[in-house]
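# Working through the structure, step by step
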Amino acid sequence: MAAFRAPPRKGENFELSADLNSEYKEKRKDAIKRVIANMTVQKDVSGLFPDVLKNMQTDDLEQKKLVYLYLMNYAKTQPELVILAVNTFVKDTDDPNPLVRALAIRTMGCLRAEKIIDYLCDPLQKCLRDENPYVRKTAALCVAKLYDLKPELVIENGFLETLQEMIADSNPMVVANTVAALTDIHIAAAAAGSNTEVFVITSAVLNKLLIALNECSEWGRVAILNALGRYETHDDRESEHICERVVPQFQHANASVVLSAIKVIMIHMRSVRSETLTKQLVRKMAPPLVTLLSNPPEVQWVALRDINLLLQKRPDILSNEMRVFFCKYNDPLYVKVEKLDIMVRLAGPNNVDALLSELKEYASEVDVDFVRRSIKAIGQTAIKIDEAAERCVNVLMELIGTRVSYVVQEGVVVMKDIFRKYPSTYEGVIPTLCANLDELDEPEAKASLIWIIGEYANKIDNADELLGIFVDSFTEESYPVQLQTLTAVVKLFLRKPDTSQDVRDRAYIYWRLLSTDPGAAKAVVLAHRPPISLPRTTVSPALLEELLGEIPSLASVYHKPEETFVGRGRIGADAIPKGGSELADDRATAQKAFQTVAAGQQAENLLNFDDPTSNDGQQPTGLAATTVLTSTPAATNLLSGTSSNPLDDLVSIFGNTGIGTNAAPPPTPGQPQTHLNAFGGLSFGGQPMSPAPPMTPSVLQAVSPPPQQQQQQGAQDDLLGLF
Amino acid sequence: MISAFFIFNQKGEVLISRLYRTDLKRSIADVFRIQVISNSDVRSPIITLGSTSFFHVRINNLYIVAVTKCNANAALVFEYCYRFIAIAKSYFGKVDEESVKNNFVLIYELIDEINDFGYPQNSEIDTLKSYITTESVMSTSIPAEESSKITTQATGAISWRRGDVKYKKNEAFVDVVETVNLSMSAKGTILRADVDGHILMRAYLSGTPECKFGLNDKLVIDKNERGIGDAVELDDCRFHQCVRLDEFDSTRTISFIPPDGEFELMKYRSTSNVKLPLRVIPTVNEIGTSQVSYVVTVKTNFSNKLSATNVVIRIPTPLNTTSVDTKVASGKAKYVPAENVVVWKVPRIQGGQEISLSATAHLTSTTHRQVWARPPIDVDFQVLMFTASGLIVRFLKVFEKSNYNSIKWVRYLTKASGSYQIR
């Protein structure tokens, strides 16, 4: 059969046409296969339409399927000719063989030609009531196909009512497909702006679903579980009942069934009042979650992302299971990164030693990105668990001692965070850090070290010399370093007024720019900064609830609401309240909406390949999921109005004193994107500043301007207001 | 749901393309080629561009790709991709570029059967094989009765089994296959040891047999017969869809009507009291910057009636290794420069034995001083009639209307491949 893919010959279509009309059956069939092969590689074989069509009427099922495949592909381009096929289709829906009937109805629904659709209704009506369940289940989905093409036909013919009746079908597979079709139509109708609910799940429907759940195929179970998740219970007894009926699904071999079952439990557990049942449900959830890690890496990754969400809601689920999240040497990076995050979430005083020795091990691996994240994780552990901070610092110092460039740089960044959390505690390590000054070439690491020097200027003998190095190269440094040098020099001046002339002069000049009152300056620059802590959640509570109800969908994997990437990602600000109206927490809703807008704009700026004009000139970065992940907390930062990233402390002070009213969860420390805040905030003269150069190639940067500018405005006002 | 399904080869050529829904154009395949296949930076299995999400799984240089435009169930999409691979494997053996090209007609037939309008349909291999075959089927050659039987089976409550199976000899084979995951620190402390168990069954049983399956699982035993010492604690188990989950949930009995032929009855996980069949004690010393010396000892940790077979030990060497001298008493050891490992193959190690390897790796001097990451030593092996978890099949009862006698066979195998690591 490989011969079908031979390179094109002159007049191949002509030859095929001849073969399609051959008197020999085998020759005709071979020709059809070659046509399909050409179709796959996108050669134009639409000209052969009439010839292929002639071969439709056959007893050979394989050949029939091939012809149908061809028809599905080209029906749209040849609407006139498709009509010729209608007769055969309609005849096939009366065939004694149920497989043929189902095939015909399945294919008719896929022909995207206006003309044929009108002929579809009668056979469909018949097939929906076919005595054979295989035909019925195929017909059920065909209604959804029809709705996709011409919704009014579905309504006129009363197919929706027929589907509603079919939920009571005796065959579980038919029930499952009916549920899938109804859900599909429900979503399509909602997207089209229809106000009537197409698929209302009543308690009568609920019972039928619960019965079918245990009997239908794995995929059907997913469809039914989705529907169960949408059901609104009337009292806690009903919720308990659903939970009890769904829990056995945790033992299913298919990961999507398990995760969907977890979703249903998470949704209905909200209204379960019995403490013991809740406890029992949570306890039963742990083993299947761990088992999901023995799936292929892609499935594992989805599970890990969802576990991450679950832990934000219920941090105790997997408290004894940290070891299963230890990375294997050959895990793909995306799995390792998620495992790291979850390990830090699960870290506690009792398992921190195991975690640290594990993280130390990872820090010596080959992949630079993974090593950096591991070092970050050590810092996060130190910030999370007070009593383990010292051990973390020791591990970090050991790693810095390896003098591997990127390890040292990341180590310095992390140390700065630790200093922020535990001021004046680990000063003994400062000399070691300063000794590595020459190794640093990344802006973030440099800026971190400068921050440390500035902060402990009075305890470092040669602080002025060290800062002098940076002052001398001031104009060549990147923004964060300049910014940090500026602040550090001011701090040095305030803390050690008798320091070297040169630095002080420089500091004084900068200082004159800002203020003439050193007292006020002291209050601002040396003010007590809010301590940093590890955020327990990365998404707002309302969004968390919503995402938990969508496990294991893409939204739950991305930790972003569905609107950000579905429907062309073009939801405007006005469309947001609709989704958020039921959410109780107003503040969170506003924040979520804001986040949505930012992310929506982000999506919009991305490659829009439906539109050929925008296809060129796009950078090939794409929205790789790993990029998305880093962008989520950053988006929160942009919108939160405050940033507790120590790097931009000048700004953050202004932010805190000025627009400190917007309380927001502190973002993850060390997010590179937060620098944008800093630049946005500190534009001196009030003239517009271009967005800062991206530090990491990420799509986000291109997108951030709108919210950033807003904030920039705010910060400027504050700057002016202060002085 | 799934809007399109593609198979690409390494070069990004489309081998199979099937659009299930109308919301995508065929040209979407080019986007995937440009954004993922030609982009070496992609490190995520899901890529979302605008509102289009690409899910991909790689196998033998092929990309199996599913595309969606909605907030799809990500776990389901990946499970579906893997199910496709499993089905393809069972139909034509290997899933690679050649086999896909050679079987493209069959593949189109299959992906139309297991997916309709983006919703996965019945994908039980046994059932599919009853009506999608490698030979062409004439619709007239199947009597109407037969075809309606097929369809009832494909949709029935026991979609995985035909009703009319007949065997002269009724036999059932049970294979308990355990994969040991181990990571051990260089000092010999166990960081993580657990067992992924699979119970595979080959059922050649007539009629519609009702089976009951029993293990020495602690939960079951604690309920029924107290005081049995060798009970195994299973952390979790998952079952083939033929097992009645509600019954397992309430009474912990595993009862089912098996599919005909081979299937995976259950998967389980155990973390307590894992018996490690092999103990590896490595001593690695970096002598200056020019040499690394190795002494690796492997001890077996099971009865001397059993033996470990196909033992392959991979010992990583630094990247700048030029040559390695090895000395082994049993098996063969060879330095593989392409992978930077010494591969030590031992065909068989008897229980209670101990073997060792000593080697010296010679290094070239390098300009940049990069610390050697020391990847873990990896051991692959198989031990027949041994379970690391201690799991034993206690019974398999078969009940059928005609009351025939059936013969049952049980085999145990513990193995490791790529997951038994010593740092």
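Since this is a predicted model, take the numbers as computed values, not measurements. (Residues numbered from 1 in each chain as written. Chains lettered and ligands numbered in written order. Predicted model: local features only at pLDDT ≥ 70, side-chain atom pairs only at ≥ 80, totals over all residues. Heavy atoms only, no water.)

### A closer look at the overall build of chain B
Along the backbone of chain B there are eight helices and 24 strands. Taking all 423 residues of chain B together, the buried fraction comes to 60%. Put simply, of all contacts in chain B between residues at least 6 apart along the chain, 69% involve residues at least 24 apart. As displayed, chain B has an accessible area near 17,300 Å², and 50% of this comes from carbon and sulfur atoms. (Helix = DSSP H or I, 4+ residues; strand = E, 2+ residues; numbered from the N terminus. Buried < 20%, exposed > 50% of the residue type's maximum accessible area, 1.4 Å probe, protein only. Contact = heavy atoms within 4.5 Å. Areas by Shrake-Rupley, 256 points an atom, 1.4 Å probe, with all protein chains shown as cover.)

### A closer look at the confidence of the model for chain B
Scored by pLDDT, chain B has a mean of 83; 89% of the residues are at 70 or more. Note that residues 220-228 of chain B has pLDDT below 50 and, in this model, ten contacts with residues that lie over four places away or in other chains. (pLDDT = per-residue confidence, 0-100.)

### Overview of the packing of aromatic side chains
All names here are of chain B. If you walk through the whole model with that rule in mind, you get 24 aromatic pairs over all chains. Plain terms: the ring middles of Phe 6 and Phe 8 are 5.8 Å apart, the flat faces sit at 50° to each other, and that makes the pair tilted. Here Phe 6 and Phe 8 have matching classes, each one buried. Taking the centre distance of 5.9 Å and the plane angle of 80° together, the rings of Phe 32 and Tyr 63 count as edge-to-face. Highlighted residues: Phe 32 in helix α1 (residues 28-37) and Tyr 63 in strand β5 (residues 62-68), separated in sequence by 31 residues. Residue classification places Phe 32 among the buried residues on the basis of a relative accessible area of 1%. Look at Tyr 63 and you get buried, because its relative accessible area is 5%. (Phe/Tyr/Trp six-rings, centres within 6.5 Å; stacked < 30°, edge-to-face > 60°.)

### Topic: the packing of helix α5 (residues 79-92) of chain A against helix α7 (residues 114-128) of chain A
Residues and elements named next belong to chain A. Where α5 contacts α7, the two axes come as close as 9 Å, and the packing angle between them is 10°. Of the possible angle classes, the one that applies to α5 and α7 is roughly parallel. Crossing geometry of α5 relative to α7 is assigned as right-handed. Contact residues: Glu 80, Val 82, Ile 83, Val 86, Phe 89 and Val 90 in α5; Lys 115, Ile 116, Tyr 119 and Pro 123 in α7. For the contact of α5 with α7, a count of residues per class yields eight nonpolar, no polar and two charged. (Axes fitted to C-alpha atoms, helices over the stretch in contact; angles between N-to-C directions. Parallel < 35°, antiparallel > 145°, perpendicular 65-115°, else oblique. Left-handed = near helix turned anticlockwise from the far one by under 90°. Nonpolar A, V, L, I, M, F, W, Y, C, P; charged D, E, K, R; others polar.)

### Regarding unusual backbone geometry
That bond from A:Ile551 to A:Pro552 is cis: its omega, -5°, falls within 30 degrees of zero. Take A:Pro552: it is sitting in the loop between α29 (541-548) and α30 (554-558). One non-glycine residue, B:Asn61, lies in positive phi territory at about 70°. Take B:Asn61: it is sitting in the loop between β4 (52-59) and β5. Assessed through its relative accessible area of 48%, B:Asn61 is described here as partly exposed. The phi dihedral of B:Met385 is positive, around 55°, even though this residue is not glycine.

### Focus on the sheet that holds β5(B)
Residues and elements named next belong to chain B. In space, the five strands of this open sheet follow the order β2-β1-β5-β4-β3, with antiparallel pairing throughout. The open sheet is flanked by β2 (14-19) and β3 (46-49), the only strands paired with a single partner. Taking the axes of each pair of neighbouring strands and ignoring which way they run, one obtains an average angle of 20° across the sheet. Bridge analysis of β4 against β5 gives seven bridges, and the strand direction is antiparallel. Paired with Arg 58 across the strands is Tyr 63, a residue of β5. In this fold helix α4 (residues 104-113) packs onto β1 (2-8) and β2, with an angle of close to 30° to the strand it touches most, β2. (Pairing = 2+ DSSP bridges.)

### Things to note about the interface of chain A and chain B
How big an interface is tends to be expressed through the accessible area that disappears when the partners come together. The interface of chain A with chain B comprises 123 residues on the first partner and 100 residues on the second. Taken together, the links from chain A to chain B amount to seven salt bridges. A salt bridge links B:Glu109 to A:Lys65, with the shortest nitrogen-to-oxygen separation between them at 3.0 Å. Here chain A is connected to chain B by 37 residue pairs in polar contact (both at pLDDT 80 or more). (Salt bridge = Lys/Arg side-chain N within 4 Å of Asp/Glu carboxyl O. Polar contact = N/O pair within 3.5 Å; in protein donor to acceptor, adjacent residues only side chain to side chain.)

### Considering the packing of helix α8 (residues 133-149) of chain A against helix α11 (residues 172-191) of chain A
Residue and element names in this part refer to chain A. At a minimum axis distance of 8 Å, the contact between α8 and α11 shows a crossing angle of 5°. Our classification of the angle between α8 and α11 gives roughly parallel. In this structure, α8 contributes Pro 133, Arg 136, Lys 137, Ala 140, Leu 141, Val 143, Ala 144 and Tyr 147 to the contact, and α11 contributes Met 173, Val 174, Asn 177, Thr 178, Ala 180, Ala 181, Asp 184, Ile 185, Ala 188 and Ala 189. The class makeup of the residues in the contact of α8 with α11 is 13 nonpolar, two polar and three charged.

### A word on the confidence of the model for chain A
Confidence in the prediction of chain A, expressed as mean pLDDT, is 75, and 72% of residues score 70 or more. Scored below 50 in pLDDT, residues 568-723 of chain A shows 231 contacts in the model against residues more than four places distant or in partner chains.

### A short note on the environment of A:Met56
With respect to the element layout, A:Met56 can be found in the loop between α3 (49-53) and α4 (61-74). Along the chain, A:Met56 and A:Phe89 lie 33 residues apart, while their C-alpha atoms are 9.3 Å from each other.

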